[in-house]
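The chain contents come next:
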Amino acid sequence: MYAVQHSDRAHSSLLPVRTNGGPGSFEGEAVTTQPLKAQAAAADNDTIPVDPEQLRRATLASSVGSALEYYDFYIYGLASALIFSPLFFSPLGPTGGLIASFATYGVGFAARPFGGLIFGYIGDRFGRKQVLLLTIGLMGTASFCIGLLPTHAQAGMLGAVLLVILRIIQGLGAGAEQAGATTLISEVAPRRRRGFFAALPFVGIQVGTLLGAGTFALMGLAHPEVLTGWLWRVPFLASAILIAIAIYIRLKLKETPVFQELEKHKDVTRNPLGVLWRTSRKNVLIGIGLRMGENGNSTIYSTLLVGFMAAKGGIFEGDKFIGPVGLLIAAGFSAIMVVAFGALSDRVGRVKVYRYGALFQLLFAFPAFYLISLGNVTLVWIVMTVGIALGVQSMLGPQCALLPELFGSTHRFTGVAMSREISAVFAGGIAPFVGALLLGLTHQSWMVLAGYSLVLAGISFAATFATPETVGRDLMLTEDA
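Keep in mind that this is a model prediction, so the values were computed, not measured. (Residues numbered from 1 in each chain as written. Predicted model: local features only at pLDDT ≥ 70, side-chain atom pairs only at ≥ 80, totals over all residues. Heavy atoms only, no water.)

Scanning the chain for helices and strands turns up 21 helices and 2 strands. In the chain, which comprises 481 residues, the share counted as buried stands at 60%. Long-range contacts, defined as pairs at least 24 residues apart, comprise 85% of the intrachain contacts of the chain with a sequence gap of at least 6. (Helix = DSSP H or I, 4+ residues; strand = E, 2+ residues; numbered from the N terminus. Buried < 20%, exposed > 50% of the residue type's maximum accessible area, 1.4 Å probe, protein only. Contact = heavy atoms within 4.5 Å.)

Per the stated rule, a full pass over the model turns up 13 aromatic pairs. Taking 5.4 Å as the distance between ring centres and 15° as the angle between the ring planes, the aromatic pair formed by Phe-360 and Phe-364 counts as stacked. Placement of both Phe-360 and Phe-364 in helix 17 (residues 350-373) is noted, with a separation of 4 residues, approximately one turn of the helix. For Phe-364, a relative accessible area of 14% translates into the label buried. The aromatic ring of Tyr-76 is capped on one face by Arg-167, whose charged end is 4.3 Å from the ring centroid. (Phe/Tyr/Trp six-rings, centres within 6.5 Å; stacked < 30°, edge-to-face > 60°. Lys NZ or Arg CZ within 6 Å of the ring centre and 35° of its normal.)

This paragraph deals with the pattern of salt bridges. Overall, the coordinates contain 11 salt bridges when judged by the stated rule. Put simply, Glu-187 and Arg-412 hold a salt bridge, and the shortest N to O gap is 2.7 Å. One end of the pair, Glu-187, is in helix 7 (residues 158-188); the other, Arg-412, is in helix 19 (residues 412-429), with 225 residues separating them in the sequence. By relative accessible area, which is 0% here, Glu-187 ends up buried. Residue Arg-350 is joined to Glu-405 by a salt bridge in which the shortest nitrogen-to-oxygen separation is 2.9 Å. Separated by 55 residues along the polypeptide, Arg-350 in helix 17 and Glu-405 in helix 18 (residues 377-406) bring together distant segments of the chain. Salt bridges linked by common partners bring Asp-124, Arg-128, Glu-187 and Arg-412 together as one network. (Salt bridge = Lys/Arg side-chain N within 4 Å of Asp/Glu carboxyl O.)

Helical geometry note: an α-helix holds 3.6 residues per turn, so side chains three or four residues apart project in the same direction. Of the residues making up helix 14 (residues 272-279), those classed as buried are Pro-272, Gly-274, Val-275 and Leu-276. Contact partners of the buried residues in helix 14: helix 4 (93-126), helix 15 (281-310) and helix 19.

To continue, consider empty space enclosed by the protein. In the structure shown here, the tally under the stated rule is 4 cavities of 30 Å³ or more. Estimates place the volume of the largest cavity at around 120 Å³. What lines the largest cavity is a set of 14 residues, and nearest its centre among them are Tyr-74, Ile-205, Gln-206, Ser-298 and Gln-393. Secondary structure elements with two or more residues in the lining of the largest cavity: helix 2 (52-82), helix 9 (203-219), helix 15, helix 16 (322-348) and helix 18. When residues of the lining of the largest cavity are assigned to their parent elements, the largest contribution, 4 residues, is made by helix 18. Roughly 100 Å³ of volume is contained in the second largest cavity. Surrounding the second largest cavity, Glu-69, Asp-72, Phe-73, Gly-108, Phe-109, Arg-112, Met-139, Arg-167, Gln-170, Gly-171 and Ala-174 form its lining. Residue assignment for the lining of the second largest cavity shows that the elements contributing at least two residues are helix 2, helix 4 and helix 7. The element that contributes the greatest number of residues to the lining of the second largest cavity is helix 7, accounting for 4 residues. Of the residues contributing to the lining of the second largest cavity, the split by class is 4 nonpolar, 3 polar and 4 charged. (1 Å grid on protein atoms, 1.4 Å probe; cavity = no way out; pocket = protein on both sides within 12 Å on 5 of 7 lines; lining within 4 Å. Points joined across faces, edges and corners; volume = space filled by probe spheres on them. Nonpolar A, V, L, I, M, F, W, Y, C, P; charged D, E, K, R; others polar.)

What follows is the structure, given as structure tokens:
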């Protein structure tokens, strides 16, 4: 066990401290008034007991869940870009089918805030562990059932209707999965290394990407009739393996020390959404802004760009291999970089790392997509790797700890879920649909993708100037940063 001192639930020199004036009253200054070295020193005096075994299990449980979510995310995104159009929307033609396919992709994102709302309430009211079991079951079962759907040739529009329903269910489960993972790991990690440990589960994102993109890269080698005949079902059916592993691991988890303390002191709120609405609207908006550049660009590179390159009239028309291979390479580097940027944020600050990451993504947008437009496969893979492994991960790395640190303990799960999932609708969810529409109107112009990437990164860059520095924050506090 790490050394623990429970003499106080707040450090007055570092963090806002509740006074006798009630929940809205504070003493002292915000975290940003302290130099980072002073924050790190205070963070050594940790108020949360850290159990190494619980930390190991939490990291593993969160990582497997992240792997499943992003495996589902990538196989659905790649399937939307490459094969769902002829399978379920063939009467709409190539362009109409692609837009309809991406629209079903966006429906899942539209469902995510509702999942975040429902499961965020459960997580703040009844505990973090319960939610992680529920979300993994919903998400995985929906993915498995997609692999059983009848196509348009077999059942007409019934297959498309069922696809939308399952995508909604998938979105509900995914709506709290990452919020649960970041909240769980942040609440069991040592404060002075929280950025590093909170980023570790997101290696699971890269594992899921490797599995999803690798599967489609191999499937791209198959004969088109085999791919659209039965082979496309295999990735969805295979998600059952990850579901079984994730549930087994999560059953062995204990509740986080933070939630145990809330229960012990009878501080568990009966209405976390109400508390969030009254006290945390600003921090939710900050979280949404921060996520636009990270989540939006992740989707642009991983889904929209792949469809853009392989579409009729695209740079590599009909090629279903180049995009997934690029994602495969990028995921390998990203697994290292997300942890590196998380650890860096422990040393120099969450906001500074995030700000420079967003700025890099902003400046990289037009050169990146111009290089892609040249049609050189090697350049395409380099750009995808730099954009995802450096641009996206430099924001995701510090974000893993930053979002949970923004919110007080009584409504943290709900706050993180709302920040993540509302932004997921406007950044990741509609990006493929809007992008495909704009590409159709501009005759596949690469400048559309560059402009879209730049705008989203610019929003996150601007949001960092309203974000408080949260390094060393005591997660036992019920007040927001």
